[in-house]
Amino acid sequence: MTPDQPRSESDRENPDRLRRWRLVLGGAEDGTGRSLSQEDAGIDAVLAALYDRTDESGSRAGDRRGANLGSSAPRVARWLGDIRRYFPGSVVQVMQRDAVDRLGLTRMLMEPELLSAVEPDVHLVGTLLSLNSVLPEETKETARSVVRTVVSELEARLAEPTRAAVRGALDRAARTQRPRAADIDWARTVRTNLKHYSPELNTIVPERLVGFGRRQHSVQREVILAVDQSGSMAESVVYSGLFGAVLASMRALSTKFVAFDTAVVDLSEHLDDPVELLFGTQLGGGTDINRALTYCQSLVERPEQTLLVLISDLYEGGVREELLRRVGELVGAGVQVVTLLALSDSGAPFYDHENAAALAELGVPAFACTPDLFPELMAAALRREDLGRWASAATASRD
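A brief structural summary. (Residues numbered from 1 in each chain as written. Predicted model: local features only at pLDDT ≥ 70, side-chain atom pairs only at ≥ 80, totals over all residues. Heavy atoms only, no water.)

Before going further, it helps to examine the overall build of the chain. Within the chain, the secondary structure is distributed over 16 helices and 10 strands. Evaluated residue by residue, the chain yields a buried proportion of 46% over its 399 residues. When contacts within the chain are restricted to residue pairs at least 6 apart in sequence, long-range pairs at least 24 apart make up 70% of them. (Helix = DSSP H or I, 4+ residues; strand = E, 2+ residues; numbered from the N terminus. Buried < 20%, exposed > 50% of the residue type's maximum accessible area, 1.4 Å probe, protein only. Contact = heavy atoms within 4.5 Å.)

Now the structure itself:
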């Protein structure tokens, strides 16, 4: 379309359509004949800084948007401020990830003043953890502050639903007909006594009280989180650290957190502070799942009361036969084992299908889980439900 060509009827009915195409195409010779307002020109400049291709002289090299955000600190700082001005937080996070992933702008995570201007999210935390060993000292405190902000937001959303689901699975044990006041199950008591409704009193007269069994204050279940910290599992590591800290805060559970690549590190002592725990991980490197499970096996004291959650994409760098034999031993001893191929919001993961199928034959289900569903998963596991069926039902309900 040229400026002299008549616009289509749809363009006349929806004038914002040309505006959007103009911003998508970029450049003065975009073919829409649409001029930009001052604000739209600012948006176009922000997009061009990240997505336009230029040649060595700085001129536009092609018609399609590409990648050309200069890496000087002042320019990056201005760009970070501009995208926060023009776009909502969710879009800002996407553009930040593009700047890091497409352009390699790790520099903006290496300087405190730039890092403090970034919109924090789970993906940014994963990137910071992968750069932990090379972050300058003057940046590390800022990085910790960013991570703590994200962890606090996730805790506010996920901690209490997790505790409630786990408590519900553990505490609703044996029923009693002579419960103490604090142990009365009022919902079930009302249902049981509906036939004793008194019209004169306009209330139900409970002839039989139904209560929960006395809550146990000793450790009821052992939970071991074995978390793959290879580079592809960054988001899963972040969520695993948060959930590990939440589970460790419950007296009825004894929780261990084991991170691994080709080496194994027990980070259980840091479960009281998820930020310290996350900075104890080392994202990147290979994977030796068998070595990790060998260590986890040494932690098992009460097999039939132990839940082992392996969080891994199952790409094994060690001996596959030994891995499957180890899992078989754990299951045979009574340990409940479940594999999460990802614990993330990012959808279906890449994983080793052959290993997942082999684990399924051993009675170990393997599936991905979102953070919002993890509390339900833990409750189902602690109730010893069929987790394969649970995963299928959860997937169907999302669809």
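Another point: helix 3 (residues 38-51). Side chains that are three or four residues apart share a direction in an α-helix, a result of its 3.6 residues per turn. Taking 1.5 Å of rise per residue, 14 residues should cover 20 Å, and helix 3 covers 20 Å from first to last C-alpha, within 8% of that figure. Asp 40, Gly 42, Ile 43, Asp 44, Val 46, Leu 47, Ala 48, Ala 49, Leu 50 and Tyr 51 are the residues of helix 3 that are buried. (Expected span 1.5 Å × (residues − 1).)

Moving on to the pattern of salt bridges. Tallied over the entire structure, the rule returns 11 salt bridges. Notably, a salt bridge pairs Arg 163 with Glu 160, separated by 3.9 Å at the nearest N-O pair. Of this pair, Arg 163 and Glu 160 both sit in helix 8 (residues 137-171), 3 residues apart, which is roughly one turn of the helix. Exposure remark for Arg 163: the relative accessible area of 24% places this residue in the partly exposed category. Accessibility expressed as a relative area gives 41% for Glu 160, which makes it partly exposed. Where Glu 222 meets Arg 302, a salt bridge forms, and the shortest distance between an N and an O atom there is 3.3 Å. Here the residue Glu 222 occupies a position in strand 5 (residues 221-228), and Arg 302 occupies one in the loop between helix 12 (289-299) and strand 8 (306-311), the gap between them amounting to 80 residues. Here the salt bridges do not stand alone but share partners, grouping Glu 322, Arg 325, Arg 326 and Glu 329 into one network. (Salt bridge = Lys/Arg side-chain N within 4 Å of Asp/Glu carboxyl O.)

Core analysis: the biggest nonpolar cluster contains 81 residues, and Trp 79, Phe 87, Met 95, Leu 340 and Phe 374 have the highest contact counts within it. Those residues in contact with Phe 87 that lie beyond four places of it in its chain are Ile 43, Val 46, Leu 47, Val 92 and Met 95. Counting 23 residues, the second-largest nonpolar core is a separate cluster that includes Cys 296, Val 300, Ala 356 and Leu 359. (Core = buried A, V, L, I, M, F, W, Y, C linked by side-chain atoms within 4.5 Å.)

Below, the discussion takes up the pairing of strand 10 (residues 366-369). Here strand 10 shows a buried face lined by Phe 367 and Cys 369 and an unburied face lined by Ala 366 and Ala 368. Taken together, the 3 bridges between strand 9 (residues 336-343) and strand 10 define a ladder with parallel strand orientation. The residue bridging Thr 339 from the neighbouring strand is Ala 366, located in strand 10. (Pairing = 2+ DSSP bridges.)

Judged by how many residues are buried, strand 9 sits mostly within the fold: 8 of 8 residues are covered. Sheet topology places strand 8 next to strand 9; 5 bridges connect them, and they run parallel. What sits directly across from Val 309, in strand 9, is Val 338.

Turning our eyes to something else, we now look at the packing of helix 13 (residues 320-332) against helix 14 (residues 353-361). A pair of packed helices is captured by two measures, namely the crossing angle of their axes and the spacing between those axes. Put simply, helix 13 and helix 14 touch, their axes get as near as 10 Å, and they point 30° apart. Here helix 13 is positioned roughly parallel relative to helix 14, judged by the angle of their axes. Here helix 13 and helix 14 pass one another in a crossing that is right-handed. Residues Arg 320, Leu 324 and Val 327 of helix 13 pack against Glu 354, Asn 355, Ala 358 and Leu 359 of helix 14. Partitioning the contact of helix 13 with helix 14 into residue classes produces 4 nonpolar, 1 polar and 2 charged. (Axes fitted to C-alpha atoms, helices over the stretch in contact; angles between N-to-C directions. Parallel < 35°, antiparallel > 145°, perpendicular 65-115°, else oblique. Left-handed = near helix turned anticlockwise from the far one by under 90°. Nonpolar A, V, L, I, M, F, W, Y, C, P; charged D, E, K, R; others polar.)

This next bit is on the side chain of Thr 287. Within the secondary structure, Thr 287 is located in the loop between helix 11 (274-279) and helix 12. A relative accessible area of 10% means that Thr 287 is categorised as buried. In this view, Thr 287 contacts Asp 228, Ser 230, Phe 260, Asp 261, Thr 262, Tyr 315, Glu 316, Gly 317 and Gly 318; residues no more than four positions away in its chain are not counted.

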